[in-house]
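Listed below, chain by chain, are the residues.
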Number of protein chains: 2
Amino acid sequence: MTEPTHRVGEASWDAWGDPAHAASLTGSQRELIGQVLGIAPDAGLPRTPEAELRLPPGGLPRAARAALATAVGDDHVDTRAAARVRHAGGKSTPDLLRRRTGDVADAPDAVVLPADHDEVAAVLAVCAEHRVAVVPFGGGTSVVGGVEPLRGGCDAAVALDLRRLDRLVAVDATSRTATLQAGLRTPEAEELLGAHGLTLGHQPQSYEYATIGGYAATRSSGQSSAGYGRFDDMVVSLRAATPRGTLDLGRAPSSAAGPELRRLLLGSEGVFGVITEVTLRVHPVAEERHDEAWTFPDFATGVAALRALAQDGVRPTLVRLSDEQETSVNAVLAGEEAAPGCLAVVTHEGRAERVAAVRELCAAALRRAGGSDLGPDPVAHWRSGRYLAPYLRDALLDAGVLAETLETATTWSGLHGLRDAVTQALTGALTTRDGAAPLVLCHVSHVYPEGASLYFTVAAATGEDPLGRWRTAKRAASDAIAACGATISHHHAVGTEHRPWMQDEVGPLGVEVLRAVKDTLDPAGVLNPGKLLPERS
Amino acid sequence: MTEPTHRVGEASWDAWGDPAHAASLTGSQRELIGQVLGIAPDAGLPRTPEAELRLPPGGLPRAARAALATAVGDDHVDTRAAARVRHAGGKSTPDLLRRRTGDVADAPDAVVLPADHDEVAAVLAVCAEHRVAVVPFGGGTSVVGGVEPLRGGCDAAVALDLRRLDRLVAVDATSRTATLQAGLRTPEAEELLGAHGLTLGHQPQSYEYATIGGYAATRSSGQSSAGYGRFDDMVVSLRAATPRGTLDLGRAPSSAAGPELRRLLLGSEGVFGVITEVTLRVHPVAEERHDEAWTFPDFATGVAALRALAQDGVRPTLVRLSDEQETSVNAVLAGEEAAPGCLAVVTHEGRAERVAAVRELCAAALRRAGGSDLGPDPVAHWRSGRYLAPYLRDALLDAGVLAETLETATTWSGLHGLRDAVTQALTGALTTRDGAAPLVLCHVSHVYPEGASLYFTVAAATGEDPLGRWRTAKRAASDAIAACGATISHHHAVGTEHRPWMQDEVGPLGVEVLRAVKDTLDPAGVLNPGKLLPERS
């Protein structure tokens, strides 16, 4: 029951993922979307050829350049245009919009590629001394501005690309843990673990590119979080390099020896240090996998069913529920007739005996809650396209459609109010002057006993100022999330996009605590400026 | 399937728990123990009558006293001897030994009893201004010196007794959460929750006295941690008062909005702030409970069986395994013939349908791993005495036996080496000049996919300097734990006892991070001095 490896080529500089996998819309899809969203047939956003980019000259001071070359070797300080452009940011819709207009003003002055923890530490020391901003870079898949090479108060910025930290360091088969270096992408990590009959079970939509270190630094959550847990929960220990030295955190599966400091590095987004190595909970490759699709008459019934599963304690490996809109749009995109109701995808993985027992308990609970079993076929369809949705966003921009996602989480009792508030905020902000409303789709993809995440996909006409339109919509949605008392991000992290809401999230004193940790570990303030911590007022 | 409430009277000033429940040894038990440990029949440690205590005069400056009275009302600043003596420390064996000799030198200058969060905040402000140390006090059950009223650099110390914060603030039945004030003891909390058909499922040995706030501040773990999780995992959000203001942390069941700051307060032991309110995951009172005892031919076989349960993902609600020594001593104490092998206690709780399914999976796994089912009777015996063992410690001191516990955790692959190292350290340190070795018993009571806790009980002759003997043994055991790379505490916390090993636990830079947080939240340094953070060198 191993995952296909999904190895992919170098990511495109101006679009999601592997250019070889780029999506396109059929004529009739384009026509239908245009009608629904009120888009003129010639409204597509053009792209700027890479050769025409006007990249600012690299501004890395000569002494810093020399010191970095001493730290990692001259070959591993890359100041070529192609490398700088490919590290100019992440993959949010604002990133894609800026690339389309040829805006690569933020490209780092150099890309530095250390070989190991000690070289990372050496790079940080050089950058602290020379006041060079350091932006840790894994898969570059951030959709919240997390890898944007902002200078802060520094004189220059380098992207710290961790791809050379790509080793499986150790496997403890008895304790079912594996120590992986931070720069490993998921397909490569799964290949290395697979050779030991093991798997991590972490499959976010960014699976193809995202790295072990990036998952830890952003508190990622994969599609199978119900069974395998979110990434936080998989981390037994970690090692991080900081300008002040090395942190080795986590000495046991659990402890009461003070606050859990490894959790302070999880979600630190490169602002406190650079995670170089992570020891993770791993699992034997599943003996069996059983997929089931379920349908519910409406979203409220489906949500109540998922809540019963999450609270009863026998959870499937994967469970997700689309609302009515997402269910019907997915059907149309698949060329099927839109069925009423809401589709849920359920997967059970593990030892055959356990799968059989848990399947039955879950199916009984879902039936009791008003669900009907549709068999495995719709899941196969979902599974085949699970990492492809982000490619569609670029095809939509080609057709004049602004498409983006955002996500949050709250308690079960707050879930419907939150969905209504965010939907209204997005709809209000993105309805065109001609009255064409955006499409707002929503699903639940991560469940807990106390609540769940909500994941929104929104599509609207780009209009004349797509970036401005999106900024307005994002701000309205984020304000609605904060007003509901929900979290500003369940698994995309903070980056630059969510900084203004961090004070709502943890309060002014919480922000001060984060700043105190930052000032202790990075007194020169060179680590990933402009991310996570709100601006000092 | 509700728990008996176990409401108890005011705790003894010089012994564990309710004086009405004090244990005593039978003549033959005393004789047997004396023979095994080489103890003279007249070796018991005398107790000092409370009337003979020489309590130092209270040193609370008049202005501080007046300001505290303004903050909480004059009636709630208690400077009477009885109150001060009862807040002079916790319930470690060193605490009990010092009380027996009449040593209450550390008693606080006053006991302050705020009514709510705002009054706690007001007390902290007064204490910061007047340089008075504040020692948060819940159930007073710390066995690591966590409530010792040390002055640090302050002029006086008050115990901040949270017993008046005893309300169930809110129940969210849909999200299965309850908001409880910090001073609630477990039996009272369970009574309040029980009125809603709910339970917390947290049953540490200190159940009768320990409080919600204390559990959060020390990262407690209950006997049913396999099913209900450790206390950390139950906390959805919390509120803490600090000298710099209030922290409200946790806006969703899970989040990627920066590091999980609620985890920075969990385990903070009153050093960063005073937790006043906690929103917790709760459960419907179990429909069914099924107890099973199992026996394994030896500890290694039993450990492998528990590992199979923990790693397969279908866990019982409670599972614990005694080693050969503990199994036979428990049998002897119960007046039974000592059977060979190791006893395990297993409990399944929950919805009837789930219990039936999980029971079968677990039983099959345990049988496959070499276990034999002994039926429910031995569990009933364990259950009836589950909160009584600490009472026995005082009866043993009466008989000249030094008895104490300590605990740690590590990976499965490190577990046997850790047990050997700690056993050797304790044995080496406590063997008498006459060659009488201590009894060292061990059990596993908390399991995780990656590893487990080890809980040691040690009994030895008190000798002429019981406190010195114990300090030597504790140091040897702690050094052995650190050398094995295990954690210095799985659920007892740090307090004063484990401070010297915190640098091993999180490294010098980790200690600096904790200090930076401390300095931000408590710049005057009045919060629980001398706990958690190692001394500045």
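Residues numbered from 1 in each chain as written. Chains lettered and ligands numbered in written order. Predicted model: local features only at pLDDT ≥ 70, side-chain atom pairs only at ≥ 80, totals over all residues. Heavy atoms only, no water.

Undergrad: I'm lost on the interface of chain B and chain A in this one. Help?
TA: Frequently, the measure chosen for interface size is the accessible area removed from exposure when the parts meet. The partner chain A presents 84 residues to the 84 residues of chain B that form the contact. Of the roughly 6,700 Å² buried where chain B meets chain A, counting both sides, 57% is carbon and sulfur surface. For chain B, the biggest contributors to the area lost against chain A are Arg251, Glu450 and Leu509 of chain B; these three give 12% of the whole. Where chain B packs against chain A, one counts 12 salt bridges. Residue Glu260 of chain B pairs with Arg263 of chain A through a salt bridge whose shortest N-O separation is 3.4 Å. One can count 46 residue pairs in polar contact (both at pLDDT 80 or more) joining chain B with chain A. The element contributing the most residues to the side of chain B that touches chain A is helix H18 (residues 502-521) of chain B, with 13 residues. Looking at the side of chain B that touches chain A residue by residue, the class counts come to 36 nonpolar, 26 polar and 22 charged. (Contact = heavy atoms within 4.5 Å. Buried area = accessible area lost by both parts, 1.4 Å probe. Salt bridge = Lys/Arg side-chain N within 4 Å of Asp/Glu carboxyl O. Polar contact = N/O pair within 3.5 Å; in protein donor to acceptor, adjacent residues only side chain to side chain. Helix = DSSP H or I, 4+ residues; strand = E, 2+ residues; numbered from the N terminus. Nonpolar A, V, L, I, M, F, W, Y, C, P; charged D, E, K, R; others polar.)

Undergrad: Quick question: what am I supposed to make of the UniProt feature "binding site: substrate" (unreviewed entry) in chain A here?
TA: Residue and element names in this part refer to chain A. The UniProt record annotates "binding site: substrate" (unreviewed entry) at Arg393. A relative accessible area of 7% places Arg393 in the buried class. Once residues within four sequence positions are removed from consideration, Arg393 is found in contact with Trp16, Lys91, Ser92, Thr93, Leu96, Ala403 and Glu404. (UniProt positions renumbered as here; feature names shortened; annotations may be inferred. Buried < 20%, exposed > 50% of the residue type's maximum accessible area, 1.4 Å probe, protein only.)

Undergrad: I would appreciate a short explanation of the domain arrangement of chain A in the present structure.
TA: Residues and elements named next belong to chain A. Taken as a whole, chain A is organised into domain 1 (168-284) and domain 2 (288-385). Placing the centre of domain 1 and that of domain 2 at their C-alpha centroids yields a distance of 28 Å. Across the contact, six residues belong to domain 1 and eight residues belong to domain 2. Both faces combined, the contact of domain 1 with domain 2 buries some 550 Å², and carbon together with sulfur accounts for 50% of it. On the domain 1 side of the contact with domain 2, Gln223, Ala226 and Tyr228 bury the most area, a combined 74% of that side's loss. In this assembly, domain 1 and domain 2 are joined by two residue pairs in polar contact (both at pLDDT 80 or more). (Domains from an automatic or database assignment.)

Undergrad: Teacher, can you tell me more about the relation of the copies chain B and chain A here?
TA: Mapping between the two copies of the chain is achieved by a rotation about an axis and a shift along the axis. Of the transformation superimposing chain B on chain A, the axial component is 0.0 Å and the angular component is 180°, with the fit at an RMSD of 0.0 Å. Taken together, the rotation and translation relating the two chain copies correspond to the operation of a two-fold axis. By C-alpha distance to the rotation axis, the residue of chain B lying nearest is Ala516 of chain B, at 2.9 Å. Interface residue correspondence from chain B to chain A reaches 100%, placing this contact among same-surface, isologous pairings. (Least-squares fit on C-alpha atoms with pLDDT ≥ 70 in both.)

Undergrad: I tried to follow the environment of Arg320 of chain B on my own but got confused; where do I start?
TA: All names here are of chain B. For Arg320, the position within the fold is in strand S13 (residues 318-322). For the pair Arg320 and Ser453, spaced 133 residues apart in the sequence, the C-alpha separation amounts to 10.0 Å. In this view, Arg320 contacts Gln223, Leu343, Ala344, Val345, Trp382, His443, Val444 and Ser445; residues no more than four positions away in its chain are not counted. Within the structure, the side chain of Arg320 is placed 3.2 Å from the side chain of His443, a separation counted as a polar contact.

Undergrad: Would you take a moment to explain the packing of helix H11 (residues 299-312) of chain B against helix H16 (residues 415-430) of chain B for this structure?
TA: Packed helix pairs are specified by the crossing angle of their axes together with the interaxial distance, meaning the distance between the axes. All names here are of chain B. In the contact formed by H11 and H16, the axes pass within 11 Å of each other and the chain directions differ by 135°. Considered as vectors, H11 and H16 are oriented oblique to each other. In this structure, the crossing between H11 and H16 has a hand that is right-handed. Here Phe299, Ala300 and Val303 of H11 come into contact with H16, specifically with Leu415, His416 and Arg419. Residue composition of the contact of H11 with H16, grouped by class: four nonpolar, one polar and one charged. (Axes fitted to C-alpha atoms, helices over the stretch in contact; angles between N-to-C directions. Parallel < 35°, antiparallel > 145°, perpendicular 65-115°, else oblique. Left-handed = near helix turned anticlockwise from the far one by under 90°.)

Undergrad: I would appreciate a short explanation of unusual backbone geometry in the present structure.
TA: A negative phi holds for most residues other than glycine; trans holds for most peptide bonds. All names here are of chain B. Phi is positive for Arg219, close to 55°, though the residue is something other than glycine. Here Arg219 shows up in the loop between helix H7 (212-218) and helix H8 (225-228). For Ala493, which is not glycine, the phi dihedral falls at a positive 85°. Judged by its relative accessible area of 1%, Ala493 falls in the buried class.

Undergrad: How should the pairing of strand S5 (residues 168-172) of chain A be read in this particular structure?
TA: Here is the key point about a regular strand: its side chains alternate between the two faces of the sheet. Residue and element names in this part refer to chain A. Where S5 lies against strand S6 (residues 177-181), four bridges are found, and the strand directions are antiparallel. Considered in S6, the bridge of Asp172 is made with Thr177. Between the end of S5 and the start of S6, which pair antiparallel, lie four residues, with Arg176 showing a positive phi angle near 50°. (Pairing = 2+ DSSP bridges.)

Undergrad: What should I look at first to understand the pattern of salt bridges in this one?
TA: Close approach of charged atoms allows side chains with opposite charge to pair. All names here are of chain A. Throughout the structure, instances matching the rule amount to 66 salt bridges over all chains. Two residues, Asp95 and Arg98, come together in a salt bridge whose shortest N-O distance is 3.7 Å. Here Asp95 pairs with Arg98, and both are found in helix H4 (residues 93-100), just three residues apart, close to one helical turn. The pair Asp95 / Arg98 is uniform in exposure class, with both members buried.

Undergrad: When you look at the pairing of S13 of chain B in this model, what are you seeing that I'm missing?
TA: Residues and elements named next belong to chain B. Among the five residues in S13, five count as buried, and that is most of the element. As paired strands, S13 and strand S14 (residues 342-350) are joined by four bridges and run antiparallel to one another. Note that in S14 the partner of Leu318 across the bridge is Thr347.

Undergrad: Please explain the UniProt feature "domain: FAD-binding PCMH-type" (unreviewed entry) in chain A as it appears in this structure.
TA: According to UniProt, the positions carrying the feature "domain: FAD-binding PCMH-type" (unreviewed entry) are residues 104-285 of chain A. Between the end C-alpha atoms of residues 104-285 of chain A there is a gap of 42 Å, over a span that is 23% helix and 27% strand.

Undergrad: Explain the sheet that holds strand S1 (residues 77-78) of chain A here, please?
TA: Within a sheet, neighbouring strands are paired by backbone hydrogen bonds and run either parallel or antiparallel to one another. All names here are of chain A. Reading across from one edge, S1-S2-S4-S3 is the order of the four strands in this open sheet, with mixed pairing throughout. The open sheet is flanked by S1 and strand S3 (132-137), the only strands paired with a single partner. Taken together, the two bridges between S1 and strand S2 (residues 110-112) define a ladder with antiparallel strand orientation. Note on S2: the bridge partner recorded for Asp78 is Val111. Where helix H5 (residues 117-130) meets the sheet, its contacts fall on S2, S3 and strand S4 (156-161), and the angle it forms with S3 comes to roughly 150°.

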